[in-house]
Amino acid sequence: MSKKVVAIAAGEAHTLALNGDGGVYSWGRGTFGRLGTGKDEDELFPVPIALGDASTKKRSSLENGQIGRLKFVGIATGAYHSLALEERFQELGSPDSLAGESNTDGERTPLKICSVKAGGMMSLAIDSLGALWMWGNCPQPTDEGGFCLVSSSVPLPVWDFHGHTVVKVACGNEHVVAAVSAGETYTGGDLICYAWGNNSHGQLGLGDKDNRSRPEVIPTFNEESSWAVYEIACGAFHTAVLTHKKSYDQEIESKCWTFGLGENGQLGHGTTNSASLPEPVDGLPQDAFLISLDCGLFHTSVVSSAGDVWSWGMEKGLGLCPDASFTGRDAGDALSPIRIPAPETNGMRFPGAVQVACGAAHTVLVAGDGYKLWAWGRGRSGVLGTGQVADSFVPCLVMWPPLDEDFKEVRGVRNSKTDARGEVGQTVEMDQSLSRAMEEIQNLQSKLTIMERYATMLHISIFRKPLDERNLPQSLHDSGVFDIRNELENMMEAANTDELARMEMFYRSMLSSVKDKLMKRKVQEMVKECIRSLSTGRHAY
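### Looking at the overall build of the chain
Move 1: When helices and strands are tallied, the chain shows seven helices and 26 strands.
Move 2: Residues classed as buried in the chain amount to 44% of the 541 residues present.
Move 3: Summing over all exposed atoms, the chain offers an accessible surface of approximately 27,700 Å²; the carbon and sulfur share of this is 51%.

What follows is the structure in structure tokens.
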């Protein structure tokens, strides 16, 4: 099983993770079957989804060489439902006009889904031709030209974007926002932002609160705008957009814009006022380049390329309010961005942070370049994936990678219910064993975090870069012993003049901080011997 998480999604009280092997894992509240485990029970830590009868039949119809578990390439979560996109894609039952392009034999090629998205009780998909489809509670025009929500159990095409390519889409409870190419095809250029649906709080960004039954261009992000859209997200009744300057002769600058309902501070404008036009979130640092964005029910979170994470909105943007007084005007909400401290770096940045996902009242972060998951907020139903149901005021490690089969077997015994006295006693004993095992796992995770923190600090002090577990020094791979001298020689051998100058400055600074004379002499001798051996090697070559 691949330990790397390539995508994360958070629903009302459940979470999905997609790993590098195409496996989907879920945890949290299980009602309505949203976890895909084949039952309605809550899961306190990540478990693989179960494949239904339809998938089994589909697998059995394949040739013998292709039989195996399904591989997924995309995931999405609504409030109470989930989507997983299989690698071979799913064919859409489309009208003839959208049946796809003809192949060399003149036959129509069925449309394929390329990406999926969900929100509230709505699902969305973008097909291989860049067309948008939607099902569930969909905003549709009435015969009188008004607006209504129509419940559809089959995908409906959004015809308004015919002749253009839909690149990104997001939806809230009753509104949709899409980033669409200005021309017929998307070549990495400008994207135009469209919005439609319920606009009772200005969440469409059109400057008023009138509902729209069809997509309309958001003026702030039209073709003439100086800002290029590259990410969009929707909360229940608010919208967030990430943009960067279109001009390349200026320093790259990214900006987060929000609009819609603001009564819980989810817009990050420093007030509880709603906004019907996009406004920038000025509380974020101007030099931060934002790479990920998501909206919860009433909160918003962003991640920077440097690993900084900010959150704002309902109950400090975390679904929690540990120090709120709830007296007078103090509702415990964060009206401006709050920087989330990383536990493993003493409150500094999250190393390798790549994506954030917001549920109704919890937040999940993919860090460590995909090899670590952090979660915080309300922990009901095990939505944080820590094996507990308690709330967490600070980011805590999700139990990733998932537990092995032996532990799951113990857990299965605990979940079995019986009236026999002897078996009841066994269940109690297993429950106690499970509790002790969970405590031990949490203790080991805590110790591992501390060890990784100090290992990273030591590695940075020696090699001037963080330790990467996937790129360990060769000497450690070969012998199990970390040969610092050999690694220093290799690094100096490959260094250019500027790097050597920086290394010299680092060496002099380090040497001046060594107080013990004997230790200082040993360091000097080791460095001299290292340089001597390097010089000899170069001359011999």
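### Examining the sheet that holds strand β23 (residues 355-358)
Move 1: Strand order in the open sheet formed by four strands is β23-β24-β25-β26, and the pairing between neighbours is antiparallel. Every other strand in the sheet has two partners, leaving β23 and β26 (392-397) as the edge strands with one partner each. For this sheet the average axis-to-axis angle between neighbouring strands, irrespective of direction, equals 15°.
Move 2: Bridging between β23 and strand β24 (residues 362-367) involves four bridges; their strand directions are antiparallel. Bridge pairing links Gln355 to Val366 in β24.

### Re the side chain of Thr239
Move 1: Tracing the backbone shows Thr239 in strand β16 (residues 238-245).
Move 2: Look at Thr239 and you get buried, because its relative accessible area is 0%.
Move 3: With residues up to four places along the chain from it excluded, the contact list for Thr239 reads His175, Val177, Gln203, Ala233, Cys234, Trp257, Thr258 and Phe259.

### Focus: the environment of Ser128
Move 1: When you line up the elements, Ser128 lands in the loop between β8 (122-127) and β9 (132-141).
Move 2: Take Ser128: its relative accessible area is 43%, and that puts it in the partly exposed class.
Move 3: In sequence terms Ser128 and Cys114 are 14 residues apart; their C-alpha atoms lie 5.7 Å from each other.
Move 4: Each residue touching Ser128, except ones within four places of it in the same chain, is listed here: Leu111, Lys112 and Cys114.

### Examining the packing of aromatic side chains
Move 1: By the definition in use, this model includes nine aromatic pairs.
Move 2: Measuring from ring centre to ring centre gives 5.0 Å for Phe161 and Tyr194, while their planes differ by 75°; the resulting arrangement is edge-to-face. You can see Phe161 sitting in the loop between β10 (147-157) and β11 (166-171) and its partner Tyr194 sitting in strand β13 (residues 191-197), a full 33 residues away along the chain.
Move 3: Seen in terms of ring centroids, Tyr230 and Phe289 are 5.8 Å apart; in terms of plane orientation they differ by 5°. Their pairing is stacked. Of this pair, Tyr230 sits in strand β15 (residues 227-234) while Phe289 is found in the loop between β18 (275-280) and β19 (290-295), placing the two residues 59 residues apart along the sequence.
Move 4: For Phe289, a relative accessible area of 28% gives the class partly exposed.
Move 5: One aromatic cluster is present, built from ring pairs that chain together Phe161, Tyr194 and Trp196.
Move 6: When the ring centre of Trp227 is taken as reference, the NZ or CZ atom of Lys245 above it lies at 4.5 Å.

### Comments concerning a nonpolar patch on the surface
Move 1: A surface patch of nonpolar side chains, about 360 Å² in accessible area, is lined by Phe32, Tyr80 and Met121.
Move 2: Looking at where Tyr80 falls in the secondary structure, it is placed in the loop between β5 (72-77) and β6 (82-86).

### Overview of the confidence of the model for the chain
Move 1: For the chain, the average pLDDT comes to 81, and 72% of its residues sit at 70 or higher.
Move 2: Mean pLDDT values for the elements of the chain range from 48 in helix α1 (residues 53-60) up to 98 in β18.
Move 3: Here residues 55-67 scores under 50 on pLDDT; set against residues more than four positions off or in separate chains, the count is 13 contacts.
Move 4: Between residues 94-99, whose pLDDT stays under 50, and residues either more than four places distant or in other chains, the model counts 14 contacts.

### Description of the pairing of strand β20 (residues 299-304)
Working note: regular strand, side chains alternate between the two faces of the sheet.
Move 1: When you tally the buried positions in β20, you get six out of six residues, the bulk of the element.
Move 2: With burial as the criterion, each face of β20 is covered, one bearing His299, Ser301 and Val303 and the other bearing Thr300, Val302 and Ser304.
Move 3: In this structure, β19 lies alongside β20, joined through five bridges in antiparallel fashion. By the bridge assignment, Leu293 is partnered in β20 with Val302.
Move 4: Linkage of β19 to β20, two consecutive antiparallel strands, is achieved through a turn of three residues.
Move 5: When β20 meets strand β21 (residues 309-313), the two strands line up antiparallel, connected through five bridges. Following the sheet pairing, Val302 is matched in β21 by Trp310.
Move 6: Between β20 and β21, which follow one another and run antiparallel, lie four residues, and Gly307 among them has a positive phi close to 100°.

### Describing the pairing of strand β7 (residues 113-119)
Move 1: As defined by bridge partners, β7 adjoins β8 across six bridges and the pair is classed as antiparallel. Within β8, the residue paired with Ser115 across the bridge is Ile126.
Move 2: A loop of two residues connects β7 with β8, the two strands running antiparallel in sequence, and Gly120 in this loop sits at a positive phi of about 55°.

### Description of the sheet that holds β8
Move 1: Sheet architecture is open: four strands sit in the order β7-β8-β9-β10, paired in antiparallel fashion. Looking along the sheet, the strands with just one partner apiece sit at the ends: β7 and β10. Strand-to-strand, the axes of this sheet are offset by a mean angle of 30°, without reference to chain direction.
Move 2: Where β9 meets β10, eight bridges bridge the pair, whose relative direction is antiparallel. Bridge assignment links Gln140 to a residue of β10, and that residue is Cys148.

### A short note on the pattern of salt bridges
Move 1: For the coordinates displayed, the defined rule picks out twelve salt bridges.
Move 2: Notably, a salt bridge pairs Glu231 with Lys168, separated by 3.8 Å at the nearest N-O pair. A residue pair is termed long-range when its members are at least 10 positions apart, and Glu231 in strand β15 and Lys168 in strand β11 qualify at 63 residues.
Move 3: Note on Lys168: relative accessible area 27%, which makes it partly exposed.
Move 4: Here Glu253 and Lys255 are joined by a salt bridge, their closest N and O atoms 3.8 Å apart.
Move 5: Take Lys255: its relative accessible area is 18%, and that puts it in the buried class.
Move 6: By sharing partners, the salt bridges in this structure join Glu12, Arg29 and Arg34 into a single network.

Conventions used here
- Residues numbered from 1 in each chain as written.
- Predicted model: local features only at pLDDT ≥ 70, side-chain atom pairs only at ≥ 80, totals over all residues.
- Heavy atoms only, no water.
- Helix = DSSP H or I, 4+ residues; strand = E, 2+ residues; numbered from the N terminus.
- Buried < 20%, exposed > 50% of the residue type's maximum accessible area, 1.4 Å probe, protein only.
- Areas by Shrake-Rupley, 256 points an atom, 1.4 Å probe, with all protein chains shown as cover.
- Pairing = 2+ DSSP bridges.
- Axes fitted to C-alpha atoms, helices over the stretch in contact; angles between N-to-C directions.
- Contact = heavy atoms within 4.5 Å.
- Phe/Tyr/Trp six-rings, centres within 6.5 Å; stacked < 30°, edge-to-face > 60°.
- Lys NZ or Arg CZ within 6 Å of the ring centre and 35° of its normal.
- Patch = residues over 30% accessible without salt bridge, like charges linked within 9 Å, V, L, I, M, F, W, Y side chains within 5 Å.
- Salt bridge = Lys/Arg side-chain N within 4 Å of Asp/Glu carboxyl O.
- pLDDT = per-residue confidence, 0-100.

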